[in-house]
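Each chain, written out:
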Amino acid sequence: LTPVNLEFVAKDAVKAVERGDVIIVIDVLRCTSTIITALANGADGIIPVKTVREALAIHREHPEFLLAGEREGVRPKGFSLGNSPLEFFPTKVSGKQIILTTTNGTKALTEAKGGRWVLVGAFLNVEAITDAAFRIAEGENSGISLVLSGKRDQFSLEDYLCAGAIVEGFPAQKIWNSDAALASLLAFRQVCDSLSNIVLRGSHAQYLKRIGLEEDVYFCCKRNRYSIVPYLEGKMIIPLDQFETRM
Ligand code: MLT
């Protein structure tokens, strides 16, 4: 049986790395939803970094890369894109490399960097990410870890529900859920018919609503809009199929 583990906050990504699990990093609002949308709309790759300073340093070396991200939900000064998936139009991102820094999501991704298989999940690609993670874990004879980015080391409702949606897609007879993974599944099943309404009650969605970004919440709650599976190869996130065809 494939073990399915769940880590509640970004800093615990290191535990998933230590277990050697296939890691799915989740930050529904909005980092991982943005990464999925950017790649689905033709971006070449995304470089996740922790700080604005690091982002600017890479940009000085590669001024042709786009600078994207947020602090307090808002685009930092001098950046050409924020962290709203709705900004990542094909005309804007197609064929581009994007340097991305966000408060929690890119932190979780950098904490997970030592993992052999680090994938990026959200509701937008839930079916694709579930299939890919299970296939890889079976092939590697490893477990799967769902890593919730959370908010400043606190648990996030929407990331937990997304973990539950992913767990629901695994073949039940072939996996062993930890209690935390099982609980996320039970929570998701309770609310899956009114997902965006429930997510909107969470603290980060409330914050985004207050700063005028409620549309982002609805968009990020759409399930299976994209079939792209973002994969972290070294420092760059690229579509998994691109990596696998090169293997
Ligand atoms: C984060 O990484 O903290 C989030 O993506 C914040 C946001 O832009 O909503």
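Residues numbered from 1 in each chain as written. Predicted model: local features only at pLDDT ≥ 70, side-chain atom pairs only at ≥ 80, totals over all residues. Heavy atoms only, no water.

Caption draft 1: Quick peek at the overall build of the chain. Scanning the chain for helices and strands turns up 12 helices and 10 strands. Against the compact-globule benchmark of 18 Å for 247 residues, the chain has a radius of gyration of 16 Å, which places it among compact chains. Along the longest, intermediate and shortest principal axes, the C-alpha atoms of the chain span 50 × 45 × 30 Å. Across the 247 residues in the chain, those meeting the buried criterion constitute 57%. Contacts spanning at least 24 positions in sequence make up 76% of the contacts within the chain whose residues lie at least 6 apart. Put simply, the chain shows about 10,700 Å² of open surface, and 50% of that area lies on carbon and sulfur atoms. (Helix = DSSP H or I, 4+ residues; strand = E, 2+ residues; numbered from the N terminus. Rg over C-alpha atoms; globule rule 2.2 N^0.38 Å. Buried < 20%, exposed > 50% of the residue type's maximum accessible area, 1.4 Å probe, protein only. Contact = heavy atoms within 4.5 Å. Areas by Shrake-Rupley, 256 points an atom, 1.4 Å probe, with all protein chains shown as cover.)

Caption draft 2: Quick peek at the site of the ligand. Inspection of the region around the ligand gives Asp27, Leu29, Arg30, Cys31, Glu70, Asn83, Thr102, Thr103, Asn104, Gly105, His204 and Leu208 as its neighbouring residues. Between the ligand and Arg30 there is a distance of 2.7 Å, counted from an oxygen atom to a side-chain nitrogen or oxygen. At 2.7 Å from an oxygen atom of the ligand is found a side-chain nitrogen or oxygen belonging to Asn104. Burial of the ligand by the protein chains amounts to 98% of its free accessible area of 270 Å². A breakdown of the residues in the shell around the ligand according to their chemical character gives three nonpolar, six polar and three charged. (Near = heavy atom within 4 Å. Polar contact = N/O pair within 3.5 Å; in protein donor to acceptor, adjacent residues only side chain to side chain. Nonpolar A, V, L, I, M, F, W, Y, C, P; charged D, E, K, R; others polar.)

Read these as spatial facts, not as claims about activity.
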